[in-house]
Amino acid sequence: QVQLVESGGGLVQAGGSLRLSCAASGRTFSRYGMGWFRQAPGKEREFVAFINWSGGSTYYADSVKGRFTVSRDNAKNTVSLQMNSLKPEDTAVYYCAARIGTSSFYIVGSYDYWGQGTQVTVSS
């Protein structure tokens, strides 16, 4: 069982930055690949970024590539999402999620555990 708690969301102006964190419970955190997803009002939840169990591989949605960076600290059971050059279209609730393996990491249904989400609002 893994419990995930996101933090770091808030209101920021376009062009600004935010850093989201996801704290995980459990001693097996390092076994899990970690994904970040987001969901805007009236839209489906979409993939943002993924980092494998070791941190050696990362993947990003085209919409955030070059602006967002995902990282993890297995000693502290945390995964982070650094978001730079934010745009109004980045406004959404952001979720972290955990899963074993890396196949189809962009698919919502492939994850076993989810956090409660944190709101990110980017004003123009």
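Here, every reference points to the structure presented above.
Throughout what follows, the structure given in this document is the object of discussion. Computed from a predicted structure; not experimentally measured.

Moving on: unusual backbone geometry. Positive phi outside glycine occurs at Asn 77, with the angle close to 55°. Examined against the element boundaries, Asn 77 turns out to sit in the loop between strand S7 (68-73) and strand S8 (78-83). A relative accessible area of 17% means that Asn 77 is categorised as buried.

This part is about the nonpolar core. If you look at the biggest cluster of nonpolar residues, it comprises 35 residues, and the most contacted ones within it are Leu 4, Met 34, Trp 36, Leu 81, Met 83 and Tyr 94. Elements with a contribution of two residues or more to this core: strand S3 (18-24), strand S4 (33-39), strand S5 (46-51), S7, S8, strand S9 (92-99) and strand S11 (118-123).

Moving on to the sheet that holds S8. Reading across from one edge, S1-S3-S8-S7 is the order of the four strands in this open sheet, with antiparallel pairing throughout. The strands lining the two open edges of the sheet, one partner per strand, are strand S1 (4-7) and S7. The sheet shows a mean angle of 15° between the axes of neighbouring strands, taken without regard to direction. Pairing of S1 with S3, which is carried by four bridges, proceeds in the antiparallel orientation. Note that in S3 the partner of Leu 4 across the bridge is Ala 24.

What counts, and at which threshold
- Residues numbered from 1 in each chain as written.
- Predicted model: local features only at pLDDT ≥ 70, side-chain atom pairs only at ≥ 80, totals over all residues.
- Heavy atoms only, no water.
- Helix = DSSP H or I, 4+ residues; strand = E, 2+ residues; numbered from the N terminus.
- Buried < 20%, exposed > 50% of the residue type's maximum accessible area, 1.4 Å probe, protein only.
- Core = buried A, V, L, I, M, F, W, Y, C linked by side-chain atoms within 4.5 Å.
- Pairing = 2+ DSSP bridges.
- Axes fitted to C-alpha atoms, helices over the stretch in contact; angles between N-to-C directions.

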